[in-house]
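Remarks on the overall topology
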Amino acid sequence: MQIGQAAAAIYVVNKAFEVLSNTARSFVRTAASFEKFNATLKTIEGSAYKAEQSMKWIEDFASVTPFNIEKVTSSFISLRAYGLDPTEGLLRTLGDTGAAMVKIFNKQ
């Protein structure tokens, strides 16, 4: 094997490791976010069962809107914390309004 081929092989291995490492970090961050969201939902909703129901609603809502689940969850939690019910159309109305105004759904 020539030095150039060895260097290219090392470069490819390093890039593959970098991609795998970044992917693993992304999974860990996502899992940590969901653990935090779940704990917050349990507190806001008052029980694990209600938190689970809310998360199901959030997943369903996020699947039919252009907003990612993290933004929807964060917005849901914010509205609940203010005593508002996002499941009765409020979150959809706010999302539609934000999209019409070309604004970020829940600016943080």
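To keep things clear, this report deals only with the structure shown in the data block. Here the residue numbering is sequential within each chain, running from 1 through the sequence in written order. Note on the predicted model: pLDDT of at least 70 is required for a residue's local features to be given, and 80 or more for side-chain atom pairs to be given and counted; whole-chain, interface and lining totals, by contrast, use all residues. Derived side-chain values reflect all non-hydrogen atoms in the structure, with water molecules and hydrogen atoms excluded from consideration.

**What about the environment of L84?**
As a reminder, the rule being used: Helix and strand definitions here come from DSSP, where helices need a minimum of 4 consecutive H or I residues and strands a minimum of 2 consecutive E residues; each element is numbered from the N-terminal end. A 1.4 Å probe rolled over the protein chains alone gives each residue an accessible area, and that area as a share of the maximum for its type sets the label: buried under 20%, exposed over 50%, partly exposed in between. It only takes one pair of heavy atoms within 4.5 Å for two residues to be counted as in contact.
Within the secondary structure, L84 is located in the loop between α3 (69-81) and α4 (90-100). A relative accessible area of 40% places L84 in the partly exposed class. Those residues in contact with L84 that lie beyond four places of it in its chain are L79 and L90.

**Re the packing of aromatic side chains**
For clarity, the cut-off: To pair, rings of Phe, Tyr and Trp, with the six-membered ring standing in for Trp, must have centres within 6.5 Å; the planes then decide the type, stacked if under 30 degrees apart, edge-to-face if over 60, and tilted in the middle.
All chains considered together, the criterion is met by two aromatic pairs. Seen from their ring centres, W57 and F61 are 5.0 Å apart, and the 10° between their planes marks the pair as stacked. Here W57 pairs with F61, and both are found in helix α2 (residues 48-63), just four residues apart, close to one helical turn. Residue classification places F61 among the buried positions, given a relative accessible area of 6%. Here W57 and F76 contribute two aromatic rings whose centre-to-centre distance is 5.7 Å and whose plane-to-plane angle is 40°, an arrangement assigned as tilted. Taken as a pair, W57 in helix α2 and F76 in helix α3 lie far apart in primary sequence, 19 residues in all. The exposure class assigned to W57 is partly exposed, which follows from its relative accessible area of 23%.

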